[in-house]
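Each chain is listed here by its residues.
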Amino acid sequence: MLVTILDVVIAGLLLGGIYALIAVGLSLQYGVARVLNIAHGEFIMLGAFATWMLYTMFGINPLVSLVICGPVVFLIGFFLHKTLFRSLLNSSVSLDVFESKSLLASFGLLFIIQNVAILVWGADIEGYSYLAFGVNLGGAIFAANRLVTLLFAVVIGAAFYLFLTRTRLGKGIRAAAQDPGTAGLMGVNINHVLALCFGFGALMAGFAGGLLSMCYPIQATMGLEYTIIAIIVVVLGGLGSIPGSFIGGFILGLIGSIVTYIEPSLALVAYYVIFILLLLAKPTGILGK
Amino acid sequence: MDITELTSKRSLVSGSIILIILILLATVSLYSPGYTVVLLSAILMYIILTVSWVIFSGPTGYISLAPAAFFGVGIYTSAILGKALPLPIVISIGGLASFCLGLLVGALTLRLRGIYFAIFTFGLVELIKHLLLFWELHVTGTRGRFVMVVDYNTIYYLMLIIFVLLLLTAYLIRHSKYGLALQSIGQNEDAAAHTGINVTMVKVITFAISAFFMGAAGAIMATKWTYIDPYIAFNPFFSFMPVLMAIFGGMGQLYGPVIGAAIFTYLEEFLITRLPELYMLIFGTILVIAILYLPDGLVGLIQKLWNRISVRKHAYT
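None of the values given here were measured: they were computed from a predicted structure.

Quick look at the overall build of chain A
Next up, step 1: Of the regular secondary structure elements, chain A holds eleven helices and two strands.
Next up, step 2: Here chain A has a C-alpha radius of gyration of 19 Å; the compact-globule value for 289 residues is 19 Å, and the two agree.
Next up, step 3: With the principal axes as the frame, chain A shows a C-alpha extent of 55 × 45 × 35 Å.
Next up, step 4: Contacts in chain A between residues far apart in sequence, at least 24 positions, make up 78% of those at least 6 positions apart.

Points about the overall build of chain B
Next up, step 1: Helix and strand counts for chain B stand at 15 helices and two strands.
Next up, step 2: What you see for chain B is a C-alpha radius of gyration of 20 Å, in line with the 20 Å of a compact globule of 317 residues.
Next up, step 3: With the principal axes as the frame, chain B shows a C-alpha extent of 75 × 55 × 40 Å.
Next up, step 4: A buried classification covers 44% of the 317 residues belonging to chain B.

Some details on helix α9 (residues 223-237) of chain A
Residues and elements named next belong to chain A.
Next up, step 1: Along its 15 residues, α9 runs 21 Å from first to last C-alpha, staying within 8% of the 21 Å computed at 1.5 Å per residue.
Next up, step 2: For α9, the tally of buried residues reaches 13 of 15 residues, placing the bulk of the element in the interior.
Next up, step 3: Glycine 238, located one to two residues past α9, shows a positive phi value of around 105°.

Re the packing of helix α12 (residues 237-249) of chain B against helix α14 (residues 276-293) of chain B
In a pair of packed helices, the angle between the axes and the distance between the axes together describe the arrangement.
Residues and elements named next belong to chain B.
Next up, step 1: With their axes 9 Å apart at the nearest point, α12 and α14 run at an angle of 45° to one another. As judged from the angle between their axes, α12 and α14 are oblique. Here the hand of the crossing between α12 and α14 comes out left-handed. Counting all contacts with α12, which are made through Leu244, Ile247 and Phe248, the residues of α14 involved are Phe283, Ile286, Leu287, Ala290 and Ile291.
Next up, step 2: Here the contact of α12 with α14 is built from residues that sort into eight nonpolar, no polar and no charged.

Some remarks on the nonpolar core
Side chains of a nonpolar character, in soluble globular proteins, are inclined to be buried together.
Next up, step 1: Among the nonpolar cores identified, the biggest contains 189 residues, and Ile22(A), Ile48(B) and Ala217(B) are the most heavily contacted of them.
Next up, step 2: In terms of residues, this core owes the most to one element, helix α8 (residues 190-215) of chain A, which gives 17 residues.
Next up, step 3: Leave out the neighbours within four places in its chain, and Ile22(A) touches Ile44(A), Met204(A), Ala205(A), Ala208(A), Tyr226(A), Ile229(A) and Ala230(A).
Next up, step 4: Within the second largest apolar cluster, six residues are counted, among which are Ala181(B), Leu182(B), Ala192(B) and Val199(B).

Considering the confidence of the model for chain B
Next up, step 1: Mean pLDDT over chain B stands at 85; residues scoring 70 or higher make up 95%.
Next up, step 2: Reported for the predicted complex are a pTM of 0.85 and an ipTM of 0.83.

Focus: the interface of chain B and chain A
It is common to give the size of an interface as the accessible area lost on bringing the parts into contact.
Next up, step 1: Between chain B and chain A, the contact holds 30 residues from the first and 33 residues from the second.
Next up, step 2: The greatest single-element share of the side of chain B that touches chain A, amounting to twelve residues, is contributed by helix α6 (residues 115-140) of chain B.
Next up, step 3: Tallied by class, residues from the side of chain B that touches chain A come to 22 nonpolar, six polar and two charged.

Concerning the packing of helix α1 (residues 2-31) of chain A against helix α5 (residues 144-166) of chain A
Residue and element names in this part refer to chain A.
Next up, step 1: The contact between α1 and α5 brings their axes to 8 Å, and the two run at 35°. For α1 against α5, the interelement crossing comes out left-handed. Residue-level contacts link Leu13, Leu14, Gly17, Ile18, Ala20, Leu21 and Val24 of α1 to Arg146, Thr149, Leu150, Ala153, Val154, Ile156, Gly157 and Phe160 of α5.
Next up, step 2: Taken together, the residues of the contact of α1 with α5 sort by class into eleven nonpolar, three polar and one charged.

Structural notes on helix α3 (residues 34-60) of chain B
All names here are of chain B.
Next up, step 1: Helix length check: α3 (27 residues) gives 40 Å between terminal C-alpha atoms against 39 Å at 1.5 Å per residue, within 8%.
Next up, step 2: The sharpest bend along α3 comes to roughly 40°, located at valine 54.
Next up, step 3: Most of α3 sits out of view: 20 of its 27 residues are buried.
Next up, step 4: Positioned one or two residues after α3, glycine 61 has a phi angle of 80°, which is positive.

Side note on the confidence of the model for chain A
Next up, step 1: Averaged over every residue, the pLDDT of chain A is 87; the share at 70 or more is 99%.
Next up, step 2: Of all the helices and strands in chain A, strand β1 (residues 134-137) of chain A carries the lowest mean pLDDT, 76, while helix α2 (residues 40-58) of chain A carries the highest, 92.

Some words on the environment of Ala233(B)
Residue and element names in this part refer to chain B.
Next up, step 1: With respect to the helices, strands and loops of the structure, alanine 233 is situated in helix α11 (residues 230-233).
Next up, step 2: Along the sequence, alanine 233 and glycine 72 sit 161 residues apart, while their C-alpha atoms lie 4.6 Å from each other.
Next up, step 3: Setting aside its immediate chain neighbours within four residues, alanine 233 contacts Gly72, Ile75, Tyr76 and Ile228.

Thoughts on unusual backbone geometry
Next up, step 1: A positive phi angle, near 60°, is found at Arg34(A), a position not held by glycine.
Next up, step 2: Take Arg34(A): it is sitting in the loop between α1 and α2.

Section: the environment of Pro88(B)
Residues and elements named next belong to chain B.
Next up, step 1: By the secondary structure assignment, proline 88 is in helix α5 (residues 87-108).
Next up, step 2: A tally of 11 C-beta atoms within 10 Å means that proline 88 is categorised as exposed.
Next up, step 3: Along the backbone, proline 88 and leucine 158 are 70 residues apart, and their C-alpha atoms lie at a distance of 8.2 Å.

Reading the values: rules and limits
- Residues numbered from 1 in each chain as written.
- Chains lettered and ligands numbered in written order.
- Predicted model: local features only at pLDDT ≥ 70, side-chain atom pairs only at ≥ 80, totals over all residues.
- Helix = DSSP H or I, 4+ residues; strand = E, 2+ residues; numbered from the N terminus.
- Rg over C-alpha atoms; globule rule 2.2 N^0.38 Å.
- Contact = placed C-beta atoms within 7 Å.
- Buried ≥ 20, exposed ≤ 12 C-beta atoms within 10 Å, placed from the backbone.
- Expected span 1.5 Å × (residues − 1).
- Axes fitted to C-alpha atoms, helices over the stretch in contact; angles between N-to-C directions.
- Parallel < 35°, antiparallel > 145°, perpendicular 65-115°, else oblique.
- Left-handed = near helix turned anticlockwise from the far one by under 90°.
- Nonpolar A, V, L, I, M, F, W, Y, C, P; charged D, E, K, R; others polar.
- Core = buried A, V, L, I, M, F, W, Y, C linked by C-beta atoms within 7 Å.
- pLDDT = per-residue confidence, 0-100.
- Bend = angle between axes of the 7 residues up to and from the residue.

Below, the structure is given as structure tokens:
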């Protein structure tokens, strides 16, 4: 019994690490840049496919690829905000209008990125095997790659948190999240910070994608599922709260693991039920303002 | 020419154009090959989805991503009841089931504004899909259902009837005090409530009416597909398409979404069998371009050009 509980909890934490990373990315994009990026999952897919390609074609270690793929995905996100979302922001009369416009524009991005990926890599399920041996944790056996994934997710999350709280740029980002207008008056280059946040969001997605590709099979159409999970986690943690998203990711991972243990086909249903109940009961989430 | 004379002349012209188009549509099966009827049925289906989306989301600005849910409810109604009851009754029940779901969702999501509403309605489609999958897997032990087949002309004429009813409804809502109430909700909800509009009531009823037509269209369309399962019936694609078609066509006039839907359905029929990836790529690109450069859609563009021409005409005289 104890081993079973341990089994379920550790599996939940392993799942939660990925969810947390994805959700922190989306939280940055929505919380600061006000773009509810439906194409978030596509950046995860890009990260995953880039890592897969580097490993299968050039034999580059997936953990090293993180350093290569991350910046590329970051630049894509950064320039997307500098061009597309900037001009949407300029043409919108209010923040509400910008939010709906950018939501729809990111739907467009989703279809563009996904179908370019299908044209380039095909629609098949791909995968590779890396660190796929078992590790015994108190009687339960887990694949080493999933433990490495959890470790990296926690390290990346913690590093980013330190960056936000301890550096000058991080302070600027937090100021922009609270009140973009006043932050601008205080000398924060607001357009630059918003684009950076969007880029960082994409970077998190890219990292998550690279880590994911070590543990799960990947496919060009995989993005939307992760986007939905990210949205649920972000709402759970409180829209715009980065620690909330990180904690929310682990909570959802644990719930998913428990439900999967009881009845595997109900895991997604459980996510949606939680999501809908949460939106109705406390739309600000657990750490929301 | 004074302004009343001008508008009455205008409505006479547009009225007779609509009448001619309807007569052409009603007699199309007599003189054209079967494929035209099939294509027109598909176009009408998307027009119904798009126009009913615009009835609610156009004036209020609430982005609903629930069309697939209402459409799917219609499809499943048709699949379950299709063999037992005559088709017009099945379609009405499909519409009513969606209407009830619309009332329920509307009543639940009242307090959600803006982006939350969009997320909620999107989650709804996925929730229904996964619940149905669970149900089919564990309770009935089946996967999917076969639907009673109906010939193409029947599908087409039923679609046409729903289309005409929808246009009438949309026109009446637009030109009544409900239309004005909806618009004021879209512009400033608090102010609308202060002027004595029952904001909740107007929103929920309009949302449910738009759901009715989506459900009815789903119930008809199911008979064309012969086999359905939760993935086919509750495909989020049917939530995105009406949004794109409405934005592309423009929501300022009633014919905007009609034109948008017609163009995209034709493009879809043309491309999706040959180059599905390319079709979706074009779809996404047009969506982004339309949001960036066509804030009022095709209709807005036409009106802008028209105004420019007429201004120039006046300038010379």
